[in-house]
Amino acid sequence: MEAAAVPRSAAACRAAPALPVTRTAARSVALPRRALSASLAAAPPPAPRLVLAARRAADGDSVETAPEAVPIEKRFPPFPSVMDINQIREILPHRFPFLLVDRVIEYKAGEYAVGIKNVTINDNFFPGHFPERPIMPGVLMVEAMAQVGGLVMLQPEVGGSRDNFFFAGVDKVRFRKPVIAGDTLIMRMTLTKYQKKFGLAKMEGKAYVGGDLVCEGEFLLISATE
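What you see is a predicted model, and the numbers here were worked out from it, not measured in a lab.

Caption draft 1: Here's a closer look at the overall build of the protein. Within the protein, the regular secondary structure consists of six helices and six strands. Along the protein, from the amino end to the carboxyl end, the secondary structure elements read α-α-α-α-α-β-β-α-β-β-β-β. Counting over 226 residues, the protein shows a buried share of 28%. If you take every contact in the protein between residues at least 6 apart in sequence, the share linking residues at least 24 apart comes to 61%. On the protein, roughly 15,400 Å² of surface is accessible, and the fraction owed to carbon and sulfur atoms is 57%.

Here it is, written out as structure tokens:
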């Protein structure tokens, strides 16, 4: 056992702070070097991270699984479904090939709606619109956004129905990025002004793919009954 270093002077002893010695610390000090090396060599290697995570999960502990441990097809949750296609068909009068909203994922009547359009190579406009580079036409993106806006207004809670609101105009439209087959177009339409007396509704629209803004503009809907 090695001897601990002793201060050379009484002044040095007074300057050094007194540290409490626990039992564990005392045993570790008293353990010879050879015995310590032997105990470390005999210890099993640490378990892999995933095995430890599994053990902690079995014990009821919350564990964050490493992203690379989850297959890519299981990493992305599905979109919520506030309105499915059957409910959308009950509100919008559009039908094939011009119904351009597949699902509503967030909605508040008279305020806003968020809808999605799954863009596929089987969409009927691709054979004639740049067949060698399947890009969704900008006018159809605008139409799809207007349909999401219709879902905001064509509701009994707002005093609307499928017969009385029509797409009347668009302004300040900008196309930021192309939308191609395989993309999911996510469209948010927000009511910014509603003049019930004149049957006018103004809306702000933004469309995204993977979080990137691809289209935006201001929309005007008008009531045909006023």
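Once the structure has been displayed, the description carries forward.
Caption draft 2: Examining the pattern of salt bridges more closely. A full pass over the atoms with the stated rule returns seven salt bridges. The partner of Lys-117 in a salt bridge is Asp-123, and the shortest N-O contact between them spans 3.0 Å. For the pair shown, Lys-117 and Asp-123 are each scored as buried. Taking the shortest distance from any N to any O, the salt bridge between Glu-216 and Arg-176 comes out at 2.5 Å. With Glu-216 in strand 6 (residues 212-223) and Arg-176 in the loop between strand 3 (165-175) and strand 4 (184-195), this pair connects stretches of sequence that are 40 residues apart. What makes Glu-216 buried here is its relative accessible area of 17%. By sharing partners, the salt bridges in this structure join Arg-176, Lys-206 and Glu-216 into a single network.

Caption draft 3: View of the side chain of Asp-183. Its place among the elements puts Asp-183 in the loop between strand 3 and strand 4. Of the side chains with opposite charge, Arg-133 comes closest to the buried, unpaired Asp-183, at an N-O distance of 9.9 Å. A distance of 3.0 Å separates the side chain of Asp-183 from the backbone nitrogen of Ile-180, its partner in a polar contact. Discounting chain neighbours no more than four positions away, the residues touching Asp-183 are Lys-117, Asn-118, Val-119, Pro-178 and Val-209.

Caption draft 4: The pairing of strand 4, seen in detail. Summarising the sheet, strand 2 (residues 112-118) and strand 4 pair through seven bridges and their orientation is antiparallel. Across the sheet, Lys-117 pairs through a bridge with Leu-185, a residue of strand 4. Sheet topology note: the strand 4/strand 5 (residues 200-209) ladder contains nine bridges and is antiparallel. Bridge pairing links Leu-191 to Met-203 in strand 5. Joining the antiparallel neighbours strand 4 and strand 5 is a turn of four residues, in which Gly-199 adopts a positive phi near 70°.

Caption draft 5: Looking closely at the environment of Phe-98. Tracing the backbone through its elements, the reader meets Phe-98 in the loop between helix 5 (85-91) and strand 1 (103-108). What makes Phe-98 partly exposed here is its relative accessible area of 40%. Excluding anything up to four places from it in sequence, Phe-98 contacts Leu-140, Glu-143 and Gln-147.

Caption draft 6: Layout of unusual backbone geometry. A cis amide bond links Phe-96 with the next residue in sequence, Pro-97, at an omega value of 5°. Despite not being glycine, Lys-172 has its phi angle at roughly 55°, a positive value.

Caption draft 7: The sheet that holds strand 2, seen in detail. Taken in spatial order, the six strands make up an open sheet running 1-2-4-5-6-3, and their pairing is antiparallel. Edge positions in the sheet fall to strand 1 and strand 3, since each of these pairs with one other strand and no more. The mean inter-strand angle of the sheet, taken between neighbouring strand axes irrespective of direction, is 20°.

Caption draft 8: Molecular detail of the nonpolar core. In this structure, Ile-88, Met-136, Leu-151, Val-179, Leu-185, Val-214 and Phe-219 are the most contacted members of the largest nonpolar core, which totals 38 residues. Secondary structure elements with two or more residues in this core: helix 5, helix 6 (138-153), strand 4, strand 5 and strand 6. Here the element with the most residues in this core is helix 6; it accounts for 10 residues. Here Val-179 is in contact with Val-119, Pro-134, Ile-135, Met-136, Met-141, Leu-185, Val-209 and Val-214, once residues within four sequence places are set aside.

Thresholds applied
- Residues numbered from 1 in each chain as written.
- Predicted model: local features only at pLDDT ≥ 70, side-chain atom pairs only at ≥ 80, totals over all residues.
- Heavy atoms only, no water.
- Helix = DSSP H or I, 4+ residues; strand = E, 2+ residues; numbered from the N terminus.
- Buried < 20%, exposed > 50% of the residue type's maximum accessible area, 1.4 Å probe, protein only.
- Contact = heavy atoms within 4.5 Å.
- Areas by Shrake-Rupley, 256 points an atom, 1.4 Å probe, with all protein chains shown as cover.
- Salt bridge = Lys/Arg side-chain N within 4 Å of Asp/Glu carboxyl O.
- Lys, Arg positive; Asp, Glu negative; His and termini not counted.
- Polar contact = N/O pair within 3.5 Å; in protein donor to acceptor, adjacent residues only side chain to side chain.
- Pairing = 2+ DSSP bridges.
- Axes fitted to C-alpha atoms, helices over the stretch in contact; angles between N-to-C directions.
- Core = buried A, V, L, I, M, F, W, Y, C linked by side-chain atoms within 4.5 Å.

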